[in-house]
Amino acid sequence: GENVEQHPSTLSVQEGDSAVIKCTYSDSASNYFPWYKQELGKRPQLIIDIRSNVGEKKDQRIAVTLNKTAKHFSLHITETQPEDSAVYFCAASPPDNYGQNFVFGPGTRLSVLP
Amino acid sequence: NAGVTQTPKFQVLKTGQSMTLQCAQDMNHNSMYWYRQDPGMGLRLIYYSASEGTTDKGEVPNGYNVSRLNKREFSLRLESAAPSQTSVYFCASSEGGRPQHFGDGTRLSIL
């Protein structure tokens, strides 16, 4: 089955700097790669996703890039703000679109220092 | 439009007690999920339901049972609680097999 790794496990940046979180996946058939943000004590929220037929997707200060050959994808946050502090989870989904096979990474705790 | 609603929000049990965690969604989604979240372990799937009347085991199903009562509701039951089941439990829903909307979670402590 699919295995998703995520690095780094913790990341601290100064406010205004950029942050990059990288995930690798094992199943070359996976075709959907979302990112979730979970603030302390809150629910996970889907913030951006990318499909395998797209190399990059942007939404304001966040962007996700995908390298299918290397089987990795990354979340980029520019001009970080204190409210970006949270745990970020990547995930990978196979083309069967069956929830049993949807796999999360272990998470990255991002701290934005004022 | 409440989204995904979980009850209770907090619960303390003694080892061996049973309880049911409730989850309901009002988005007419077919798929529903139960995850547990432990420190440093991310979100691990306990059970998945692709539609009313179907359920499948996830990564960590031992010690749990589920019921997809109807399209809206998906409950998780602990028959004999164990300290290893102390965790935060999240219910989620989606139209397909990719979780989109999560509930606020149930924080469960088993003594």
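On a predicted model such as this, the values are computed, not experimentally measured, just so you know. (Residues numbered from 1 in each chain as written. Chains lettered and ligands numbered in written order. Predicted model: local features only at pLDDT ≥ 70, side-chain atom pairs only at ≥ 80, totals over all residues. Heavy atoms only, no water.)

Draft legend 1. The arrangement of the side chain of B:S75 in detail. Topologically, B:S75 is positioned in strand β8 (residues 75-78). With near-sequence residues (within four places) excluded, B:S75 lies in contact with B:T20, B:L21, B:Q22, B:W34, B:N65, B:V66, B:S67 and B:L69. (Helix = DSSP H or I, 4+ residues; strand = E, 2+ residues; numbered from the N terminus. Contact = heavy atoms within 4.5 Å.)

Draft legend 2. Inspection of the sheet that holds strand β7 (residues 62-67) of chain A at higher detail. All names here are of chain A. In space, the 5 strands of this open sheet follow the order β1-β3-β8-β7-β6, with antiparallel pairing throughout. Edge strands, defined here as strands with exactly one partner in the open sheet, are β1 (4-7) and β6 (56-59). Each adjacent strand pair in this sheet contributes to an overall mean axis angle of 15 degrees, direction not counted. Examined bridge by bridge, strand β3 (residues 19-25) and strand β8 (residues 72-77) share 6 bridges and lie antiparallel to one another. Within β8, the residue paired with I21 across the bridge is L75. (Pairing = 2+ DSSP bridges. Axes fitted to C-alpha atoms, helices over the stretch in contact; angles between N-to-C directions.)

Draft legend 3. Highlighting the sheet that holds strand β7 (residues 64-67) of chain B. Residue and element names in this part refer to chain B. Taken in spatial order, the 4 strands line up as β1-β3-β8-β7 in an open sheet, and their pairing is antiparallel. At either end of the open sheet lies a strand with only one pairing partner, and these are β1 (4-7) and β7. Going across the sheet, the axis of each strand differs from the next one's by a mean of 20 degrees, ignoring polarity.

Draft legend 4. Here's a closer look at the interface of chain B and chain A. Chain B puts 21 residues into the contact, and the matching count from chain A is 22 residues. Roughly 1,800 Å² of surface becomes buried between chain B and chain A when both sides are summed, with 49% attributable to carbon and sulfur atoms. Counting the surface chain B buries against chain A, the share from its top three residues, B:L43, B:R98 and B:F102, is 35%. A salt bridge links A:R43 to B:D104, with the shortest nitrogen-to-oxygen separation between them at 2.5 Å. Here chain B and chain A share 11 residue pairs in polar contact (both at pLDDT 80 or more) between them. Breaking the side of chain B that touches chain A down by element, the ones donating at least two residues are β4 (31-38), β5 (42-49) and β6 (56-57) of chain B. For the side of chain B that touches chain A, the element with the most residues is β5(B), which contributes 4 residues. Counted by class, the side of chain B that touches chain A contains 9 nonpolar, 7 polar and 5 charged residues. (Buried area = accessible area lost by both parts, 1.4 Å probe. Salt bridge = Lys/Arg side-chain N within 4 Å of Asp/Glu carboxyl O. Polar contact = N/O pair within 3.5 Å; in protein donor to acceptor, adjacent residues only side chain to side chain. Nonpolar A, V, L, I, M, F, W, Y, C, P; charged D, E, K, R; others polar.)

Draft legend 5. Seen up close, the pattern of salt bridges. Residue and element names in this part refer to chain A. Taken as a whole and assessed by the stated rule, the structure comprises 8 salt bridges over all chains. Between R61 and D84 there is a salt bridge, with its nearest N and O atoms 2.9 Å apart. Within this pair, whereas R61 is found in the loop between β6 and β7, its partner D84 is found in the loop between β8 and β9 (86-92), the two being separated by 23 residues in sequence. A relative accessible area of 6% means that D84 is categorised as buried. (Buried < 20%, exposed > 50% of the residue type's maximum accessible area, 1.4 Å probe, protein only.)

Draft legend 6. The arrangement of the environment of B:N30 in detail. All names here are of chain B. Checked against the element boundaries, N30 lands in the loop between β3 (19-25) and β4. With a relative accessible area of 26%, N30 lands in the partly exposed category. In this view, N30 contacts S49, A50, S51, R68, K71, S94 and E95; residues no more than four positions away in its chain are not counted. Only 2.8 Å separates the side chain of N30 from the side chain of E95, close enough to count as a polar contact.

Draft legend 7. Structural detail: the packing of aromatic side chains. All names here are of chain B. Scanning all chains against the criterion turns up 16 aromatic pairs over all chains. Centre to centre, the rings of Y35 and F102 are 6.1 Å apart; their planes meet at 35 degrees, and the pair counts as tilted. One end of the pair, Y35, is in strand β4; the other, F102, is in strand β10 (residues 101-102), and 67 residues separate them in sequence. This pair shows no difference in class: Y35 is buried, exactly as F102 is. Centre to centre, the rings of Y64 and Y89 are 5.9 Å apart; their planes meet at 65 degrees, and the pair counts as edge-to-face. Taken together, the residues span a long stretch of sequence, with Y64 in strand β7 and Y89 in strand β9 (residues 87-94) at a distance of 25 residues. We classify Y64 as buried; its relative accessible area is 4%. (Phe/Tyr/Trp six-rings, centres within 6.5 Å; stacked < 30°, edge-to-face > 60°.)

Draft legend 8. Expanded view of the pairing of strand β4 (residues 32-38) of chain A. Residues and elements named next belong to chain A. Across the 7 residues that make up β4, a large majority, 7, are buried. Alternating residues of β4 divide into Y32, P34, Y36 and Q38 and F33, W35 and K37, and every residue in both groups is buried. From the end of β4 to the start of strand β5 (residues 45-51), which pair antiparallel, there are 6 residues, and G41 there has a positive phi angle of about 75 degrees. Alignment of β4 against β9, held across 4 bridges, turns out to be antiparallel. For Q38, the partnering residue across the bridge sits in β9 and is V87.

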